[in-house]
Amino acid sequence: GKMMPQDDDEAARLFRRAAEQGHSLAQCSLGQCHAEGKGVPQDDREAARLYRLAANKGHAAAQHVIGRCYASVRGVSQDDREAARLFGLAAEHGLAIAQFDLAVFCEDGMGGLPQDVGEATRLYRLAVETGHAGAQFNLAHIYREGTGVPQDIGEAARYYRLAAGQGNVLAQLNLGKLLLQEAAAERALPAAPGEAVRF
C-alpha cells in the first residue's frame, strides 16, 4: 500500500477531539504535539497541562513525561519531589524509562528521596530487563565501583558490553578503559561470545 503523507495538523486535530472526550492516550499525544510544535503552536505549558490530565488517569507514559517536566522545568515550576512521585507511579506500571529516572533519583538522593544505592540497583535491574542502555551503563558503573554492592569487574564488563552494543558511547569508552586496565593488571575478563574489538 501507499504511505500516507505526514499531516501534523490533522493528527493534532484528531488528538484534540479525542482528548476533549477524556481519552488519556489522546491527551498525552496532544501534549507531545504541543511540546514539539507539531500541528499546533509549541507550548510547554499546554503540553504539561495535557500530560497532567492523562497522568491523573493513570497513563504511565504521561506520568513519566510530566515527571520529566517537573525535573527539567518545562511548562511547570521545578518540583523534584513531584517528579520523584510521578516517576514512582510510572515505574510501578513497569515503564523502563521511569524505573531508570527513579533509580537516578534514588542513587543521588534527589526529590526528597533518601540516597539509596540498593534501591537504585534494584530499579536499574528492572530497566535492564527491557534492554534500557542507560540502566545497563549505570549498573555497570555501580559494579565497577562497588557502590552499594560488592565490586564485581566481570559484572561491570557484562553491563558495559550490553550498553556498548546498543551504541552507548560512554559504555564503549568505559569498557575499553576497563579492558586495558584489566590487561595491564594481567587479569583477563570473560569475553562475550564472539566478541571482537569493534567499537
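## Describing unusual backbone geometry
Trans peptide bonds make up most of the peptide bonds, and negative phi angles are found at most residues other than glycine.
Here is step 1: At Val 73, a residue that is not glycine, the phi angle is positive and equals roughly 55 degrees.
Here is step 2: As for its position among the elements, Val 73 is in the loop between helix H4 (60-72) and helix H5 (80-92).

## Points about the environment of His 132
Here is step 1: Checked against the element boundaries, His 132 lands in the loop between helix H7 (117-128) and helix H8 (133-145).
Here is step 2: Leaving out residues up to four positions away in the same chain, His 132 has contacts with Ala 96, Ile 97, Phe 100, Ala 127 and Gln 166.

## Examining the confidence of the model for the chain
Here is step 1: The pLDDT averaged across the chain works out to 92; a share of 91% of its residues lies at or above 70.
Here is step 2: Mean pLDDT across the elements of the chain bottoms out in helix H10 (residues 169-184) (90) and peaks in H5 (98).
Here is step 3: Every residue in residues 193-199 is under pLDDT 50, and counting partners more than four places away or in other chains gives six contacts.

## Some details on the state of the cysteines
Here is step 1: All chains considered together, the criterion is met by zero disulfides.
Here is step 2: In this structure Cys 28 is a free cysteine whose sulfur lies 9.9 Å from that of Cys 69, the closest cysteine sulfur available.

## What about the side chain of Gln 27?
Here is step 1: Inspection of the secondary structure assignment puts Gln 27 in helix H2 (residues 24-36).
Here is step 2: Taking the relative accessible area as the measure of exposure, Gln 27 reaches 3% and is therefore buried.
Here is step 3: Apart from the residues within four sequence positions on either side, Gln 27 is in contact with Ala 19, Gly 22, Leu 50, Leu 53, Ala 54 and Lys 57.

## Observations concerning helix H9 (residues 153-165)
Here is step 1: For H9, with 13 residues, the first-to-last C-alpha span of 18 Å sits near the 18 Å given by 1.5 Å per residue.
Here is step 2: Along H9, the positions that sit buried rather than exposed are Ile 153, Ala 156, Ala 157, Tyr 159, Tyr 160, Arg 161, Ala 163 and Ala 164.
Here is step 3: Among the structural elements, H7, H8 and H10 are those in contact with the buried residues of H9.
Here is step 4: For H9, the N-terminal cap is Asp 152; the gap from its side-chain oxygen to the backbone nitrogen of Gly 154 is 3.1 Å.
Here is step 5: Directly beyond the C-terminal end of H9, a positive phi value near 90 degrees is found at Gly 167.

Calculation rules
Residues numbered from 1 in each chain as written. Predicted model: local features only at pLDDT ≥ 70, side-chain atom pairs only at ≥ 80, totals over all residues. Heavy atoms only, no water. Helix = DSSP H or I, 4+ residues; strand = E, 2+ residues; numbered from the N terminus. Contact = heavy atoms within 4.5 Å. pLDDT = per-residue confidence, 0-100. Disulfide = S-S within 2.5 Å. Buried < 20%, exposed > 50% of the residue type's maximum accessible area, 1.4 Å probe, protein only. Expected span 1.5 Å × (residues − 1). Polar contact = N/O pair within 3.5 Å; in protein donor to acceptor, adjacent residues only side chain to side chain.

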